[in-house]
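# Structure at a glance
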Amino acid sequence: MAAIISQNANLCVSDSDPLNWDSAANSLKGSHFDEVKRMVAEYRKPVICLGGGETLTISQVASVANHNSQAKVDLSESARAGVEASCEWIMENINKGTPIYGVTTGFGAASNRQTKQGIALQKEMVRFLNCAIFGYETELSHTLPQSATRAAMLVRVNTLLQGYSGIRFEILEAITKLLNHNVTPILPLRGTITASGDLIPLSYIVALLTGRRNSKAVGPSGETLNAKEAFHLAGLNSGFFELKPKEGVALVNGTAVGSGVAAKGKPEFTHHLIHKLKYHPGQIEAAAIMEHILDGSSYVKNAKLQQTDPLQKPRKDRYALQTSPQWLGPQIEVIRYSTRSIEREINSVNDNPLIDVTRNKVLNGGNFQGTPIGVSMDNARLAVASIGKLIFAQFTELVNDIYNNGLPSNLSAGRNPSLDYGFKASEVAMAAYCSELQYLANPATSHVQSAEQHNQDVNSLGLISAWKTVEAVEILKLMSSTYLVALCQAIDLRHLEEIFKNTVRNTVSSVAKLTLTREDKEEFNTFPLCEKDLLKVVDREYVFSYIDDPSNVTYPLMPKLKQVLYEKAHISAINDKNVSLSIFEKIGAFEDELKSLLPKEIESARVAYENGNPAIPNRIKECRSYPLYKFVREELGIGLLTGDKTLSPDEEFEKVFTAMCQAKIIDPILECLGDWNGVPIPI
């Protein structure tokens, strides 16, 4: 572990620049010409050193990607200890029974699956990821160019050398030998979305390393090789690798293919180390803000105190939440750059000709060319569209009871869900907004036409692009207004959920004591500890799956409560022949009393909530995002949307939209971050 800790000194993010903005700015120092000269010099270097604290550059990637280049890759021995330490950590924690994603669990949406066969899991992962079509026998090949594959191999090795991935150093040495001997695995051209990494293409590198029969490579002279021949030519004489737990995931779960081609994936998703290792300042800042907000959340604190129920499927955030810092980070960077560009433009002298009075000269130039506006607005509009897409993805999960962790479908909050469709139509409107926004993301500057008898043969279309960006921002405000109202609705539904669950728990407990015990209040022997089991049922069931009619036998609560009691009764009847059948009458009495009492208690709790006297306070008041919620609920006067009211959603959405247009929402947002010191929470 000491080897891993010591590597922190080599990270690109320093304590003096925790968000990495200074580093990003410093990388742009000097002229472009100077940078070109530096890149040429780096391209011609005979040896590319990795793992010794050096930064891998684009020119170095390009050099190694060119299989005709004489550049060799050298791995620093100083990186071995850190790489091996992470590998050893994996094995030690498997033996301790520590749950590790992709090592003791399945992958993605199947992460609820558990296994102790870590080696077999890695082997199966490679097998099912090998699903691409290459078209070997057809005229049009679907294989990735060798240069792109070599770039991907180099980038992946460089990533894994940092010692956070749980893979043996020997595997990285093997990939390096393949590079240095010009032996290149054949990867598919298509099939990746670069979401959870370039899984499918990278899996074919792993296939070659493990000797799968479907794997192929290209040799130094362009010959096609099988895995055995490829290993022989690369001087790999120790045989194919059997992947240890985590090694397959380490090799395929990354963006090496996408980044390599360009050079030629629980609140822990905001943890600073995750984003520190990615280096992008926009991502680091986005994550730091999210981490700060969540760190002050009563919901998060309460969730940490709750023990995991082994009978419930583990929750895994979907990408719209889990990768939101990675998604938003580049948009922040683009918008920041575009803002500075426009600021320079509006402070510039951009007419023609220019008069130099001091030198008594007229200068004819082209400062009128508004390319900085056109390009900046195109880029900003694309960023706005990406933000809108994230909002839409999160909104659709929020209103879908399959994904929203127990909230009602469409966020319906009324007493009768069959007469309350909540945000159902709002989701359709959001889809329309998002579609138009994504259409607007198309660039304007690529549609330049020659004008004015070819005098203005190139033109920036700056105004057109700027106007389209205004349209995009307006649509984003429509989406944000709808989403903010939905978020406040979800918060209040969580509040109601807590109130209702507490009401159901208390009622079930009191009815159990009343009907399942003798008159002398001694516990009836047939149902020992049954109250605890009954309350477990209450805790496991989503409140909104039964709360509109808790006595309904087609809803999950009542049948499962009765199941607990019948199981207890049957066990008692089997084990004790003296048990009377009257114990089943107790179950009937329990059911009748609960059916009579529970609906009344729930309605009483709802009325108290509606009258502003909830039995439990709203947790949002203990969260850092409370100022924004308070603004919507109190200053704008937007209440809970239900089918019980005649008020339609548009009336409430309009209030938020107007507040955004009038910039009234800025102060509440800033207040949410009022106590943030501008840096991530220390690791």
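Residues numbered from 1 in each chain as written. Predicted model: local features only at pLDDT ≥ 70, side-chain atom pairs only at ≥ 80, totals over all residues. Heavy atoms only, no water.

## Notes on the overall build of the protein chain
Looking only at helices and strands, the protein chain has 26 helices and 7 strands in total. Relative to its 683 residues, the protein chain shows a buried fraction of 43%. When the accessible surface of the protein chain is totalled, it reaches about 36200 Å², and 55% of it is carbon and sulfur. (Helix = DSSP H or I, 4+ residues; strand = E, 2+ residues; numbered from the N terminus. Buried < 20%, exposed > 50% of the residue type's maximum accessible area, 1.4 Å probe, protein only. Areas by Shrake-Rupley, 256 points an atom, 1.4 Å probe, with all protein chains shown as cover.)

## Here's the deal with the packing of aromatic side chains
All told, the structure shown has 8 aromatic pairs when counted by the stated rule. Considering the side-chain rings of Phe500 and Phe544, the 6.4 Å spacing of their centres and the 75° angle between planes classify their relative orientation as edge-to-face. Within this pair, whereas Phe500 is found in helix H20 (residues 462–515), its partner Phe544 is found in the loop between helix H21 (530–540) and helix H22 (557–575), the two being separated by 44 residues in sequence. No difference in accessibility class separates Phe500 from Phe544, as the two residues are buried. Note that Lys216 overlies the ring of Tyr136, its terminal NZ or CZ placed 4.1 Å from the centroid. (Phe/Tyr/Trp six-rings, centres within 6.5 Å; stacked < 30°, edge-to-face > 60°. Lys NZ or Arg CZ within 6 Å of the ring centre and 35° of its normal.)

## Focus: the environment of Leu129
With respect to the helices and strands, the residue Leu129 is situated in helix H6 (residues 118–129). Taking the C-alpha atoms as reference points, Leu129 and Pro201, 72 residues apart in sequence, are found 8.4 Å from one another.

## Some remarks on helix H24 (residues 626–635)
Counting buried positions over the 10 residues of H24 gives 7, a clear majority of the element. Those residues of H24 lying buried are Tyr626, Pro627, Leu628, Tyr629, Phe631, Val632 and Arg633. Looking at the packing, one finds that the buried side of H24 touches H20, helix H25 (649–661) and helix H26 (666–672). In the segment just after H24, Gly637 is the residue with positive phi, at about 70°. (Contact = heavy atoms within 4.5 Å.)

## Thoughts on the packing of H20 against H25
With their axes 9 Å apart at the nearest point, H20 and H25 run at an angle of 130° to one another. Comparing the axis directions of H20 and H25 gives the class oblique. Crossing handedness for the pair H20 and H25: right-handed. In this structure, H20 contributes Glu474, Lys477, Leu478, Ser480, Ser481, Thr482, Leu484 and Val485 to the contact, and H25 contributes Glu652, Phe653, Val656, Phe657, Met660 and Cys661. (Axes fitted to C-alpha atoms, helices over the stretch in contact; angles between N-to-C directions. Parallel < 35°, antiparallel > 145°, perpendicular 65-115°, else oblique. Left-handed = near helix turned anticlockwise from the far one by under 90°.)

## Side note on the pairing of strand E2 (residues 72–75)
Only one face of E2 is covered, namely the face carrying Val73 and Leu75; the face carrying Lys72 and Asp74 is uncovered. As defined by bridge partners, strand E1 (residues 47–50) adjoins E2 across 4 bridges and the pair is classed as parallel. Note that in E2 the partner of Val47 across the bridge is Lys72. (Pairing = 2+ DSSP bridges.)

## Section: unusual backbone geometry
Trans peptide bonds make up the majority, and among non-glycine residues the majority have a negative phi. Even without glycine at this site, Asn410 takes up a positive phi of about 65°. Residue position: Asn410 is located in the loop between helix H18 (371–398) and helix H19 (424–440). In this model, Leu411 sits at a positive phi of 55°, which is unusual for a non-glycine residue. Mapping Leu411 onto the fold places it in the loop between H18 and H19.

## Quick notes on the sheet that holds strand E3 (residues 184–185)
Taken together, 3 strands build an open sheet; the order of strands is E3-E4-E5 and the sheet is antiparallel. A single partner strand is all that each edge strand has here, and the edge strands are E3 and strand E5 (224–226). Across 3 bridges, the pairing between strand E4 (residues 216–218) and E5 is antiparallel. Residue pairing in the sheet places Ala217 in a bridge with Leu225 of E5.

## Some words on the nonpolar core
For soluble globular proteins, the rule of thumb is that nonpolar side chains tend to be buried together. Core analysis: the biggest nonpolar cluster contains 77 residues, and Leu411, Phe423, Val504, Val508, Leu534, Leu561 and Phe590 have the highest contact counts within it. Within the residue set of this core, elements represented by two or more residues are H18, H19, H20, H21, H22, helix H23 (582–610), H24 and H25. The element contributing the most residues to this core is H20, with 19 residues. Contacts of Leu561, omitting those with residues within four sequence positions, involve Val508, Leu534, Val537, Val538, Phe590 and Leu594. The next biggest cluster of nonpolar side chains, apart from the first, holds 56 residues, and it includes Leu75, Ile175, Ile200 and Leu225. (Core = buried A, V, L, I, M, F, W, Y, C linked by side-chain atoms within 4.5 Å.)

## Points about the confidence of the model for the protein chain
A residue-level look at the protein chain finds 84% of positions with pLDDT of 70 or above and a mean pLDDT of 83. Note on residues 1–12: pLDDT under 50 across the span, and 24 contacts to partners over four residues away in sequence or across chains. Long-range and interchain partners of residues 520–524, a stretch whose pLDDT sits below 50, account for 9 contacts in this model, where long-range means more than four residues apart. (pLDDT = per-residue confidence, 0-100.)

## So, the pattern of salt bridges
All told, the structure shown has 21 salt bridges when counted by the stated rule. The salt bridge partner of Arg633 is Asp492, with a shortest N-O separation of 2.8 Å. Remark: Asp492 occurs in helix H20 and Arg633 occurs in helix H24; sequence separation between them is 141 residues. Exposure remark for Asp492: the relative accessible area of 3% places this residue in the buried category. When salt bridges with common partners are traced through the structure, they connect Glu77, Arg80, Glu170 and Glu173 into a single cluster. (Salt bridge = Lys/Arg side-chain N within 4 Å of Asp/Glu carboxyl O.)

## Side note on the packing of H20 against H24
Taken N-terminus to C-terminus, the directions of H20 and H24 make an angle of 100°; their axes are 10 Å apart at the nearest point. Taken together, H20 and H24 sit at an angle that is classed as roughly perpendicular. Taking contact as the criterion, the partners of Leu484, Cys488, Gln489, Ile491 and Asp492 in H20 are, on H24, Leu628, Tyr629, Val632 and Arg633. Classifying every residue of the contact of H20 with H24 gives 6 nonpolar, 1 polar and 2 charged. (Nonpolar A, V, L, I, M, F, W, Y, C, P; charged D, E, K, R; others polar.)

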